[in-house]
Amino acid sequence: DSWVIAASVKAEKWYSEQRSQIHNTRRKSHRDGNNVTIHNYENRQENEDGTAEMRNAEAIMEYIRDLEEFGHVDPGAALIAYNTILSGWARLANEFRPDNAKKSEALLYEMIELSESGKENCAPDVLSYNAVIKAWAKSKRLNSADRAEWWLRKMIDGTCQQ
């Protein structure tokens, strides 16, 4: 969880800097009578926005998967690892990183597939669904509200553990 917290702290700082940069650019463009807005956030580096820390957290999850392959199964470890990663991607999601919602959704689908194949320790719970809903809500994509509502309905319909 410490990698996710570190990623979250970096992401908040990075997000604040991007919003400030856009605000300052817009203010300058209005003074100059120019409506051009420059978006440098697409050229960000991984070490500035928390993505590198999320990669480290994902590496820990891979380690847990490897342990399970060799028969070292901790019933709660997989679910905790998945929920930690989902929570991290949800924390990092915003309009500058619309792909984070897709990443969290793909991870939830992975959890569902694993649980349906017999790995009950990977079955998504309410926290899993809430993280994906939060990621979609924060992504501000055109279809994000629909995706968040779809996952909410899926959770309410009883397809997740309590």
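Definitions and limits used
- Note on numbering: residues in each chain are counted from 1, in written sequence order.
- Local features are withheld for residues below a pLDDT of 70 in this predicted model, meaning they are given only at 70 or higher, and side-chain atom pairs are given and counted only at 80 or more; totals for whole chains, interfaces and linings count all residues.
- Side-chain metrics in this entry use all non-hydrogen atoms of the structure; hydrogen atoms and water are not considered.
- By definition, a salt bridge exists where a carboxyl oxygen of Asp or Glu is found within 4 Å of a side-chain nitrogen of Lys or Arg.
- By the criteria applied, helices consist of DSSP H or I runs no shorter than four residues and strands consist of E runs no shorter than two, each listed in order from the N terminus.
- Exposed residues in this analysis have more than 50% of their type's maximum accessible area, buried residues have under 20%, and partly exposed residues fall in between, with area computed by a 1.4 Å probe over protein chains only.
- Here, expected helix span is obtained from the residue count minus one, scaled by 1.5 Å.
- Identification of polar contacts relies on pairs of N or O atoms within 3.5 Å, with a donor-acceptor requirement for protein atoms, meaning one able to donate a hydrogen and the other able to accept it, and with residues adjacent in sequence counted only if both atoms are side-chain atoms.
- Pairing of aromatic rings covers Phe, Tyr and Trp, the last counted by its six-membered ring, and requires centre-to-centre distances within 6.5 Å; plane angles under 30 degrees mean stacked, over 60 mean edge-to-face, and any other angle means tilted.
- Two thresholds decide whether a charge sits over a ring: the Lys NZ or Arg CZ must be within 6 Å of the ring centre and within 35 degrees of the ring normal.
- Among buried residues, the Ala, Val, Leu, Ile, Met, Phe, Trp, Tyr and Cys ones that are joined through side-chain atoms within 4.5 Å form a nonpolar core.
- Here, two residues are considered to be in contact whenever any of their heavy atoms come within 4.5 Å of each other.

Trainee: When you look at the pattern of salt bridges in this model, what are you seeing that I'm missing?
Mentor: Close approach of charged atoms allows side chains of opposite charge to pair. Under the definition given, this model contains three salt bridges. The partner of R147 in a salt bridge is E105, with the nearest N and O atoms 2.8 Å apart. Here E105 lies in helix α5 (residues 99–116) and R147 lies in helix α7 (residues 144–159), a separation of 42 residues in the sequence. The burial state of R147 is the same as that of E105; both residues are buried. The partner of E149 in a salt bridge is R153, and the shortest N-O contact between them spans 2.6 Å. Linking E149 with R153, this pair stays in helix α7, spanning four residues, or about one helical turn. Judged by its relative accessible area of 52%, R153 is exposed.

Trainee: Would you take a moment to explain the environment of G88 for this structure?
Mentor: Residue position: G88 is located in helix α4 (residues 77–92). The exposure class of G88 is buried, given its relative accessible area of 0%. In this structure, the C-alpha to C-alpha distance between G88 and N100, residues twelve residues apart in sequence, is 9.4 Å.

Trainee: Is there a simple way to think about helix α6 (residues 126–139) in this case?
Mentor: Owing to its 3.6 residues per turn, the α-helix brings residues three or four apart onto one side. Under the 1.5 Å per step criterion, the end-to-end length of α6 is 20 Å for 14 residues, consistent within 8% with the ideal 20 Å. Buried residues of α6: S128, Y129, A131, V132, I133, A135, W136 and S139, and no others. The opening residue of α6 is D125, an N-cap whose side-chain oxygen sits 3.2 Å from the backbone nitrogen of L127. The positive-phi residue at the C-terminal boundary of α6 is K140, with phi of around 60°.

Trainee: Even after reading the chapter, I still don't get the packing of aromatic side chains, so can you show me in this structure?
Mentor: The geometry of an aromatic ring pair is captured by two quantities: the separation of the ring centres and the angle between the planes. Counted by the stated rule, this structure contains three aromatic pairs. Both rings, one in W150 and one in W151, keep their centres 4.7 Å apart while their planes meet at 85°; by these two values the pair is edge-to-face. Of the residues examined, W150 reaches a relative accessible area of 36% and is grouped as partly exposed. On the accessibility criterion, W151 (0% relative accessible area) is buried. Put simply, the rings of Y109, Y129, W150 and W151 touch in pairs and so form one group of aromatic residues. Against the face of W150 rests R147, its NZ or CZ located 4.8 Å from the ring centre.

Trainee: I would appreciate a short explanation of the nonpolar core in the present structure.
Mentor: Across soluble globular proteins, nonpolar side chains have a tendency to be buried as a group. Counting 30 residues, the largest nonpolar core has I85, L108 and W151 as the members making the most contacts within it. At the level of elements, α3 (51–69), α4, α5, α6 and α7 are the ones that each hand at least two residues to this core. Those residues in contact with I85 that lie beyond four places of it in its chain are M54, A57, E58, M61 and L107.

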